Amino acid sequence: MHKDNQALIFELTREGRIGYSLPELDVPELDLSSLLPKGIVREEVAELPEVSELDIMRHYTALSNRNHGIDSGFYPLGSCTMKYNPKINESVARYPGFANIHPLQDESTVQGALEVMYDLQEHLVEITGMDEVTLQPAAGAHGEWTALMMIRAFHEANGDFNRTKVLVPDSAHGTNPASATVAGFDTVTVKSGEDGLVDLEDLKKHVGEDTAALMLTNPNTLGLFEEEILEMAAIVHGAGGKLYYDGANLNAVMSKARPGDMGFDAVHLNLHKTFTGPHGGGGPGSGPVGVKKDLIPFLPKPVLVKKEDVYTFEYDLPQSIGRVKPFYGNFGIYLRAYTYIRSMGPDGLKAVTEYAVLNANYMMRRLEPYFDLPYNRHCKHEFVLSGRRQKKLGVRTLDMAKRLLDFGYHPPTIYFPLNVEEGMMIEPTETESKETLDAFCDALIQIAQEVEENPEIVQNAPHTTVINRLDETKAARQPVLRYIKG
């Protein structure tokens, strides 16, 4: 339901108003009815809005201001690393020499662009501890699938066709089992222990001759570091399987620990998360994949290589899984990530991790007295609270997330991971100030107090947004996608 005092006026038409000017027609006017079949020629004048340029500008500007983005407010979306996108990245991506090239140009005319891509690959190799990187995949889940297809090709090249199972912890990202299924594998869930980490004994039960890979992120989706990762790697490798690293949480360990040193054989990265490319509606994404030596022959083709002083695409890869993205991926996001890495340098990237972890632990301890904390230990870049205490008073985590909208914040991830009741997953990132973190914590603390003193305020939230609480199931299944007059 729209708030009357905030509703946009859609009926702007006033007869005779125009928002454009066209030059006088200097060619003979054509009679379209003589050129086109009668059935497709409009017989009535189109009913188009008649509005001034100023009115239409204000209309669309007002619409845009209703969107929430990282440039307009705090975005603590756990597991998504919604950090600030530095504007220097945007400037570099708009350099004419980059912005105006075409993917079908001859390689000799785009050597500068290819050099940037090659150098980015080399930086990502160093950051991840892998042996080679492909930039092709379009985003995180696409990177997951690409890595799993390479792992599958590796096993089949060795005549090992019975490796049909991929092990996935119960705290994994939802895309992990989905990607494994699309890649043709069966998924097997590995339980977490009471400490929130992978249960080694349960892992051992499921590992065998049919294991293709273990999909894992470290730290895990609870924001906890898998301390026994080397033991897990030994178990999986000992059975002939591979380890795949979901790079969504790399912001927690960047320049501090490398997946390749933990025993992982393949990794995807989210350039639109860790490396500050625009995320979500501001995308597109990019999900490069790094691999260890055993998997290099199966990389998607073409592979970008340097031969003497010339950068070129190599297509002669007989074991390749083939092309996975047209035109080698999303070049604009490469430029943004490359600019970020080069402007930060190794010390800057290390500081990113340190501040991301510091911010998360600071917020967790401030909020601990007001919510349940299922895993009371130091976290990495994110942490998960539980609204079990509030649920007993008749208020759900969903209600509290809706109430946060009244304070001008995008809610954190809720009801994920699935192994935390009434979960609320918060990731502050390193780019937010202490003042912002405190203001967000103050809002959540006030909400927790409202639950105890006046729960109806929270149960009926939001109160200040343009649209009140929706029937979310109906909104998802029967969305109204256009304005209906009257």
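Keep in mind that what you see is a predicted model, and the values were worked out from it rather than measured. (Residues numbered from 1 in each chain as written. Predicted model: local features only at pLDDT ≥ 70, side-chain atom pairs only at ≥ 80, totals over all residues. Heavy atoms only, no water.)

S.K.: Teacher, can you tell me more about the pattern of salt bridges here?
M.R.: Close approach of charged atoms allows side chains of opposite charge to pair. On inspection of all chains with the given rule, the structure shows 28 salt bridges. Linking Asp438 and Arg366 is a salt bridge whose minimum nitrogen-to-oxygen distance equals 3.0 Å. Separated by 72 residues along the polypeptide, Asp438 in helix 13 (residues 434-453) and Arg366 in helix 10 (residues 331-367) bring together distant segments of the chain. On the basis of relative accessibility, which here comes to 15%, the residue Asp438 falls in the buried class. According to the relative accessible area criterion, Arg366 is partly exposed, its value standing at 25%. A network of salt bridges, in which partner residues are shared, links Arg366, Lys434, Asp438 and Asp442. (Salt bridge = Lys/Arg side-chain N within 4 Å of Asp/Glu carboxyl O. Helix = DSSP H or I, 4+ residues; strand = E, 2+ residues; numbered from the N terminus. Buried < 20%, exposed > 50% of the residue type's maximum accessible area, 1.4 Å probe, protein only.)

S.K.: Which parts of the structure should I look at to understand the packing of helix 5 (residues 140-157) against helix 6 (residues 175-182)?
M.R.: Any two packed helices are characterised by how steeply their axes cross, that is the angle between the axes, and by the distance between the axes. Orientation of helix 5 relative to helix 6, taken along the N-to-C sense of each, is 45°, at an axis distance of 9 Å. For the element pair helix 5 / helix 6, the angle class is oblique. For the pair helix 5 and helix 6, the crossing hand works out as right-handed. Contacts between helix 5 and helix 6 involve Ala141, Glu144, Trp145 and Leu148 from the first element and Thr175, Asn176, Ser179, Ala180 and Val182 from the second. The class makeup of the residues in the contact of helix 5 with helix 6 is five nonpolar, three polar and one charged. (Axes fitted to C-alpha atoms, helices over the stretch in contact; angles between N-to-C directions. Parallel < 35°, antiparallel > 145°, perpendicular 65-115°, else oblique. Left-handed = near helix turned anticlockwise from the far one by under 90°. Contact = heavy atoms within 4.5 Å. Nonpolar A, V, L, I, M, F, W, Y, C, P; charged D, E, K, R; others polar.)

S.K.: What exactly am I supposed to notice about unusual backbone geometry here?
M.R.: Trans is the common state for peptide bonds, and a negative phi is the common state for residues other than glycine. Following Lys301, the chain continues into Pro302 via a peptide bond in cis, with omega recorded as 5°. The residue Pro302 is located in the loop between strand 7 (289-291) and strand 8 (303-307) in this model. Looking along the chain, the bond that leaves Phe416 and enters Pro417 is cis, with omega of 0°. In this structure, Thr276 takes a positive phi of about 65° despite not being glycine. Judged by relative accessible area, which is 1%, Thr276 ranks as buried. Positive phi, close to 60°, is recorded for Glu308, a residue that is not glycine. Relative to the helices and strands, Glu308 is located in the loop between strand 8 and strand 9 (310-314). Judged by relative accessible area, Glu308 falls into the exposed class, the value being 76%.

S.K.: Mind showing me how you'd approach the sheet that holds strand 5 (residues 242-246) here?
M.R.: Adjacent strands of a sheet form backbone hydrogen bonds with each other and so pair up, either parallel or antiparallel. Overall, mixed pairing links the seven strands, which are arranged 1-7-6-5-4-2-3 in an open sheet. The open sheet has two free edges, formed respectively by strand 1 (132-134) and strand 3 (186-190), since each of these has just one partner strand. Averaged over all neighbouring strand pairs, the angle between strand axes comes to 25°, with direction disregarded. (Pairing = 2+ DSSP bridges.)

S.K.: Just checking my understanding: could you explain the nonpolar core for this structure?
M.R.: The nonpolar side chains of soluble globular proteins are, as a tendency, buried together. Residues Met117, Leu124, Leu203 and Phe275 are the most contacted members of the largest nonpolar core, which totals 56 residues. If you tally residues by element for this core, the top one is helix 10, at 10 residues. Beyond its immediate sequence surroundings of up to four residues, Phe275 is in contact with Leu124, Ile127, Leu250, Met254, Leu269, Asn270, Arg336, Ala337, Tyr340 and Ile341. Counting 26 residues, the second-largest nonpolar core is a separate cluster that includes Ala360, Met363, Cys379 and Val451. (Core = buried A, V, L, I, M, F, W, Y, C linked by side-chain atoms within 4.5 Å.)

S.K.: What is the right way to read the pairing of strand 5 from this model?
M.R.: Strand residues, when the strand is regular, have side chains that alternate between the two faces of the sheet. Counting buried positions along strand 5 gives five out of five residues, so the element sits mostly inside the fold. The alternating pattern of strand 5 places Lys242, Tyr244 and Asp246 on one face and Leu243 and Tyr245 on the opposite face, and all of these are buried. Here four bridges tie strand 4 (residues 211-216) to strand 5, and the two strands are oriented parallel to one another. When the sheet's bridge partners are listed, Ala213 is paired in strand 5 with Lys242. With helix 8 (residues 229-238) bridging strand 4 and the parallel strand 5, this β-α-β connection has right-handed handedness. Taken together, the three bridges between strand 5 and strand 6 (residues 266-268) define a ladder with parallel strand orientation. The partner of Tyr245 across the bridge, within strand 6, is Val267. (Right-handed = clockwise from strand over helix to strand, strands pointing away.)

S.K.: I would appreciate a short explanation of the confidence of the model for the chain in the present structure.
M.R.: Close reading of the predicted structure is inappropriate where its pLDDT is low. With 98% of its residues at a pLDDT of at least 70, the chain reaches an overall mean of 94. Per-residue pLDDT stays below 50 along residues 1-6; that stretch engages in 15 contacts with residues further than four places along the chain or on separate chains. (pLDDT = per-residue confidence, 0-100.)

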